[in-house]
Amino acid sequence: MPHIFRLLLSAAVPLAVLLPPSAASPALAQTAPAAPVSAGPLITLRQVLDSAAARYPALQAAQARVRAARGGRTTAGTLGNPMLAYQVENARFPGGAAVGMAAEHMSTATLPLMPLYQRGARVRQADATVRAAEADARATRQQVALDAARAYYRTAVAAVSADAALNLAQWLDSVVVYNRTRVGQGVAAEADLIRSQLERDRAVADAGMEAAELARSRADLSAFLGDPGAVREFAVALEDTPLALPPALAANVDIGHETRPSSMSPLSRPASAPPASTSVLEASPSVDRRPDVVAARERVAAAGAATAVEQRMIIRELGATLGVKQSGGVNSVIAGVSVPLPLFDQNRGELARARAEQDAAAFELAAQERTARAEILGAEAAARVLSERAAALAARDSAGQRAAYLARADEARAIALGAYREGAVPLLQVLDAARAWGEARVAYYRTLYAQHEAVLALLVARGEDLAAALPTLTTAPARGASTR
């Protein structure tokens, strides 16, 4: 079952765990945590991606640019219209005297020839422009999906932080109640009560800040859900295990649920030791599938076709004329060709401009390929490192029910609590264990979600469709995953 994070608006832990039975008030003598108040509908990452793909304005604008490019392709393939002319000579002026010469009637049709020998280059330019617009639309779709995923994970991290901060504040409030009771009984110093109150007030302030951050993150996420103006209360659901890596990277990175910590810490590896895995992408990362590189290559092709168009513009207004002339009852054929004399090269500047733009497109393609290769290598390295760290943190305890890292944090806080009740440790050690518990929980899920983001960013860097690849990345949920 997915791990659900909600901002708890009621008690998440019993506040009387530190109170002796004789001092616990009825309101605090609960034996089980109160059920969390529902934060609205449950939103999954798949729902966010589908909503963004269907209604996000940037994607609709990209599709509109594709339609515009296709309209330009239709225009480029259309031939020029012929010119029809009718002419009369030696006709009598209305109301005037007779001319004395037979009237001559001429009907001609002139076909412009320039579109015929320019059509091929214009069509190639328009086709390349359409393909570039389609590649840009795919790149926009991938970037929007990645931005939506990042907003989703930011909301999840904010929810975890708010949950941990509120839990810590309520736990410290129980410490305050316990110390107040002991001070009233005269068995404890008032300094412990004041310090616990101070620590609780600080935790309450932190919980308020985390709640505000959660509200901002939820508002940012709602922009991908269709209506950012109507921010609803909703919860986000995520798997509480790392995402699966692509096959090229997953061979040497174990992110299974039964991973056990190594006897040697990953941080203790010698500096000269080789990395845990070596990807084939490090030698020559392929950028052929990236839509931004495809778009850059199509722009080079379009610029080359534009240069060919300008080269054929040296001879303009070339036309062929065919018609019929009637004079004195005799019909004759009229035929001719009109060719301008290119004494002055009127297109020299445009040709130089087109060649310069072709060179610029080629340089932009080289820069885009270089950037793409760097992004692939960087995303690959980040995904590998974070997957190793997330796998180490997500390693299960001996019972296989939950992460051993979080279990140790719970155990440390419980031990500190028991020792404090026995008078074996001071209050500062209890407060330190409480803070360590909250920091450990936030660090665990922050690392986990960073690994999720890194894997998704790697897919986008390699030019894969994020929405299509998402189901293959989801691992089975961890056993014993709780609902919050």
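Each residue is numbered by its place in its chain's sequence as written, counting from 1. Per-residue local features of the predicted model are confined to residues with pLDDT of at least 70, and side-chain atom pairs are confined, for both listing and counting, to 80 or more; whole-chain, interface and lining totals are unaffected and use all residues. In computing side-chain properties, one takes all heavy atoms of the structure into account and sets aside hydrogens as well as water.

A. Fine view of the overall build of the protein chain. Helix numbering and strand numbering both begin at the N terminus, where a helix is a DSSP run of H or I of at least 4 residues and a strand a DSSP run of E of at least 2. In terms of regular secondary structure, the protein chain is built from 10 helices and seven strands. In this description, contact between two residues means that some pair of their heavy atoms is separated by no more than 4.5 Å. Contacts spanning at least 24 positions in sequence make up 80% of the contacts within the protein chain whose residues lie at least 6 apart. Shrake-Rupley sampling with a 1.4 Å probe provides the accessible areas, and residues are treated as covered by the protein chains on show and by no other component. Accessible surface for the protein chain amounts to roughly 24,900 Å². Of this, 58% is attributable to carbon and sulfur atoms.

B. Here's a closer look at the sheet that holds strand E7 (residues 330-338). We call two strands paired when DSSP finds no fewer than two bridges between them. An order of E3-E4-E6-E7 is seen for the four strands of this open sheet, with the pairing classed as antiparallel. Pairing within the sheet leaves two strands with one partner each, and these edge strands are strand E3 (83-89) and E7. Ignoring strand direction, the axes of neighbouring strands in this sheet form an average angle of 15 degrees. Examined bridge by bridge, strand E6 (residues 319-327) and E7 share nine bridges and lie antiparallel to one another. Of the residues in E7, the one forming a bridge with Thr321 is Gly336. Here an axis means a line fitted to C-alpha atoms, over the contact stretch when the element is a helix, while the angle between two N-to-C directions is reported on a 0 to 180 degree scale.

C. Seen up close, the pattern of salt bridges. By convention in these notes, a salt bridge is any Lys or Arg side-chain nitrogen within 4 Å of a carboxyl oxygen on Asp or Glu. Following the criterion strictly, the structure yields 24 salt bridges and no others. Between Arg73 and Asp127 there is a salt bridge, with the nearest N and O atoms lying 2.5 Å from each other. A residue pair is termed long-range when its members are at least 10 positions apart, and Arg73 in helix H2 (residues 57-76) and Asp127 in helix H3 (residues 114-185) qualify at 54 residues. For each residue, the accessible area found with a 1.4 Å probe, counting protein chains only, is set against the maximum for its type, and the residue is called buried under 20%, exposed over 50%, and partly exposed in between. Given the relative accessible area of 26%, Arg73 is considered partly exposed. Notably, a salt bridge pairs Asp288 with Arg297, separated by 3.1 Å at the nearest N-O pair. A single salt-bridge network, built from bridges that share partners, covers Arg195, Glu199, Arg202, Asp206 and Arg435.

D. Local environment of the packing of H2 against H3. At a minimum axis distance of 8 Å, the contact between H2 and H3 shows a crossing angle of 170 degrees. As the angle between them shows, H2 and H3 are arranged roughly antiparallel. Among the residues forming the contact of H2 with H3, the class breakdown is 12 nonpolar, four polar and eight charged. Any angle from 65 to 115 degrees is called roughly perpendicular, while one under 35 is roughly parallel, one over 145 is roughly antiparallel, and all others are oblique. The residue classification treats Ala, Val, Leu, Ile, Met, Phe, Trp, Tyr, Cys and Pro as nonpolar and Asp, Glu, Lys and Arg as charged. All others, Gly included, are polar.

E. Focus on H3. What a helix is expected to span follows from its residue count: subtract one and scale by 1.5 Å. With 72 residues, H3 extends 104 Å between its outermost C-alpha atoms, agreeing within 8% with the 106 Å of an ideal straight helix rising 1.5 Å per residue. Of all the bends in H3, the greatest measures close to 40 degrees and is centred on Gly120. Each residue is assigned a bend, namely the angle between axes fitted to the seven residues that terminate at it and the seven residues that start at it.

F. Main features of the pairing of E6. Across nine bridges, the pairing between strand E4 (residues 104-112) and E6 is antiparallel. Along E6, the bridge assignment pairs Leu111 with Ala320. With antiparallel pairing between neighbouring strands as the criterion, E6 and E7 make up a hairpin whose turn holds two residues, including Gly328 at a positive phi of roughly 60 degrees.

G. Quick peek at the environment of Ala361. On the secondary structure map, Ala361 appears in helix H7 (residues 348-393). C-alpha separation for the pair Ala361 and Arg297, spaced 64 residues apart in sequence, amounts to 8.1 Å. With residues up to four places along the chain from it excluded, the contact list for Ala361 reads Arg299, Val300 and Ala303.

H. Focus on a nonpolar patch on the surface. Two joining distances apply to patches: 9 Å for like charges and 5 Å for nonpolar side chains (Val, Leu, Ile, Met, Phe, Trp, Tyr), and every residue must have over 30% relative accessible area and no salt bridge. On the surface, Ile314, Ile315, Val337 and Val339 cluster together into a nonpolar patch covering about 350 Å² of accessible area. By the secondary structure assignment, Ile314 is in the loop between helix H6 (291-311) and E6. The class of Ile314 is partly exposed, set by a relative accessible area of 44%.

I. Broad picture of the environment of Ala305. As for its position among the elements, Ala305 is in helix H6. The exposure class assigned to Ala305 is buried, which follows from its relative accessible area of 5%. Here the alpha-carbon distance between Ala305 and Ala126, two residues 179 residues apart in the chain, equals 8.7 Å. Here Ala305 is in contact with Ala121, Arg124 and Gln125, once residues within four sequence places are set aside.

J. Just the pairing of E4, in detail. Bridge analysis of E3 against E4 gives seven bridges, and the strand direction is antiparallel. Across the sheet, the residue bridging to Val88 is His105, located in E4.

K. Here's a closer look at the nonpolar core. Counting 55 residues, the largest nonpolar core has Leu45, Val48, Tyr152, Tyr153, Tyr449 and Leu456 as its most contacted members. Elements with a minimum of two residues in this core: helix H1 (45-55), H3, strand E5 (235-238), H6, H7, helix H9 (427-461) and helix H10 (466-473). Per-element accounting of this core gives the leading share, 12 residues, to H9. Setting aside anything within four residues of it in sequence, one finds Val48 in contact with Ile43, Ala148, Tyr152, Leu221, Phe224 and Leu225. Grouped together as the second largest cluster of nonpolar side chains are 15 residues, Leu168, Ala169, Val175 and Ala434 included. By nonpolar core is meant a set of buried Ala, Val, Leu, Ile, Met, Phe, Trp, Tyr and Cys residues that side-chain atoms within 4.5 Å join together.

L. Looking closely at helix H4 (residues 190-222). If you check H4, its first and last C-alpha atoms are 48 Å apart, about what 33 residues at 1.5 Å a residue would give, namely 48 Å. Among the residues of H4, those classed as buried are Leu193, Ser196, Glu199, Arg200, Ala203, Ala207, Leu214, Ser217, Arg218, Leu221 and Ser222.

M. Highlighting the side chain of Thr181. Checked against the element boundaries, Thr181 lands in helix H3. The class of Thr181 is buried, set by a relative accessible area of 18%. Here a polar contact is recorded for every N or O atom pair within 3.5 Å, except that within protein the pair must consist of a potential hydrogen donor and a potential acceptor, and residues adjacent in sequence are included only if both atoms are side-chain atoms. Side-chain polar atoms of Thr181 contact the backbone oxygen of Val177, separated by 2.9 Å.

N. Looking closely at the packing of aromatic side chains. Planes of paired rings set the category: under 30 degrees apart is stacked, over 60 is edge-to-face and the rest tilted, where pairs are Phe, Tyr or Trp rings (Trp by its six-membered ring) whose centres lie within 6.5 Å. Under the counting rule described, the total for this entry stands at seven aromatic pairs. Ring centres of Tyr56 and Phe224 lie 5.1 Å apart, and the angle between their planes is 15 degrees; on these two criteria the pair is classed as stacked. Separated by 168 residues along the polypeptide, Tyr56 in the loop between H1 and H2 and Phe224 in the loop between H4 and E5 bring together distant segments of the chain. By relative accessible area, which is 23% here, Tyr56 ends up partly exposed. On the basis of relative accessible area, Phe224 is assigned to the buried category, the value being 9%. Considering the side-chain rings of Tyr178 and Tyr420, the 6.2 Å spacing of their centres and the 65 degrees angle between planes classify their relative orientation as edge-to-face. With Tyr178 in helix H3 and Tyr420 in helix H8 (residues 404-421), this residue pair connects regions lying 242 residues apart in the sequence. As far as the burial class goes, Tyr178 and Tyr420 line up, both buried. An aromatic cluster is present here, built from Tyr152, Tyr153, Tyr405, Tyr444, Tyr445 and Tyr449 joined pairwise through their rings. Over a ring means this: the NZ of a Lys or the CZ of an Arg is within 6 Å of the ring centre and within 35 degrees of the ring normal. Directly above the aromatic system of Trp437 lies the positively charged group of Arg413, at a separation of 4.2 Å from the ring centroid.

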